Amino acid sequence: MVRENLVVLLSDLPLGADVSFHQRKVDMRGAVADGVEYMGIRWGQRDGRNGYTDSRAIENWQNAGLERLLRMMYWVWDQRAGPHHTASAHMGGIRRVSRTYDGELPPVADLELLPLVWNEFHEFLIMMEVWAGVRPDCYSGSWFLARVAPLPLWLEDYNFWLTGYNDQGPDIYGPLKELNPNVVDWQQSSSWFVN
């Protein structure tokens, strides 16, 4: 599949943010007033043997819905505990938050931690798609994907949510640029929090 070069006009993509317990109480109304259209809400990650769900996942999910923000859940792919962090273990963590998915936008797999076993991550993406009924997106950035090159060809089949803490959009370089990703949104900030 040949795509146009998406490096231009990335700033025209919708403005979004991600939130987790790190932001504490999030001012969803303030985010909407600043032009945020969607909110990526962390549901958890496989950190340690058993993993954890984000303590503010349900609160953030409900509050974003009340403000009519488009919602997507994201799950942090984390294989640092080795054999305990299989695709099935990650999906078990997601299902602890909800057996079904009712987000307005596709779910997202957050890919920014080492080590990374590509085959296991791909299996996780396939499981997420079955669970959600829609193909998930990948959240990452050129800064990370340059560290895990070469990128597998199947990664072309996924849309990307990229980091870009600026007003222009994310930088696309190195292996990610060679992949010519389909960038569907970008994260500018996660700064709408109140305590």
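Scroll up a little and you will see the structure.
Not measured: the values here are computed from a predicted model.

Basis of the calculations
Residues numbered from 1 in each chain as written. Predicted model: local features only at pLDDT ≥ 70, side-chain atom pairs only at ≥ 80, totals over all residues. Heavy atoms only, no water. Phe/Tyr/Trp six-rings, centres within 6.5 Å; stacked < 30°, edge-to-face > 60°. Lys NZ or Arg CZ within 6 Å of the ring centre and 35° of its normal. Axes fitted to C-alpha atoms, helices over the stretch in contact; angles between N-to-C directions. Helix = DSSP H or I, 4+ residues; strand = E, 2+ residues; numbered from the N terminus. Left-handed = near helix turned anticlockwise from the far one by under 90°. Contact = heavy atoms within 4.5 Å. Nonpolar A, V, L, I, M, F, W, Y, C, P; charged D, E, K, R; others polar. Core = buried A, V, L, I, M, F, W, Y, C linked by side-chain atoms within 4.5 Å. Buried < 20%, exposed > 50% of the residue type's maximum accessible area, 1.4 Å probe, protein only.

### Re the packing of aromatic side chains
Piece 1. Applying the stated criterion across every chain, the model contains 16 aromatic pairs.
Piece 2. Sitting over the face of the ring of Tyr158, Arg135 holds its NZ or CZ atom 5.1 Å from the ring centroid.

### Overview of the packing of helix α3 (residues 87-97) against helix α4 (residues 118-132)
Piece 1. At a minimum axis distance of 8 Å, the contact between α3 and α4 shows a crossing angle of 35°. In this structure, the crossing between α3 and α4 has a hand that is right-handed. Taking contact as the criterion, the partners of Ala87, Ser88, His90, Met91, Ile94 and Arg95 in α3 are, on α4, Glu120, Glu123, Phe124, Met127, Met128 and Trp131.
Piece 2. Grouping the constituent residues of the contact of α3 with α4 by class yields 7 nonpolar, 2 polar and 3 charged.

### Thoughts on the nonpolar core
Piece 1. Residues Met39, Trp43, Trp118, Phe121 and Phe124 are the most contacted members of the largest nonpolar core, which totals 53 residues.
Piece 2. With 7 residues, α4 is the largest single contributor of residues to this core.
Piece 3. Sequence-distant contacts of Phe124, defined by excluding residues within four places in its chain, comprise Trp75, Trp77, Ala87, His90, Met91, Ile94 and Ala109.

### Some thoughts on α3
Structural remark: α-helix, 3.6 residues per turn; residues separated by three or four positions point the same way.
Piece 1. Among the residues of α3, those classed as buried are Ala87, Ala89, His90, Met91, Gly93, Ile94 and Val97.
Piece 2. Of the surrounding secondary structure, the elements contacted by the buried residues of α3 are β2 (38-45), β3 (52-53), α2 (57-66), β4 (70-76) and α4.

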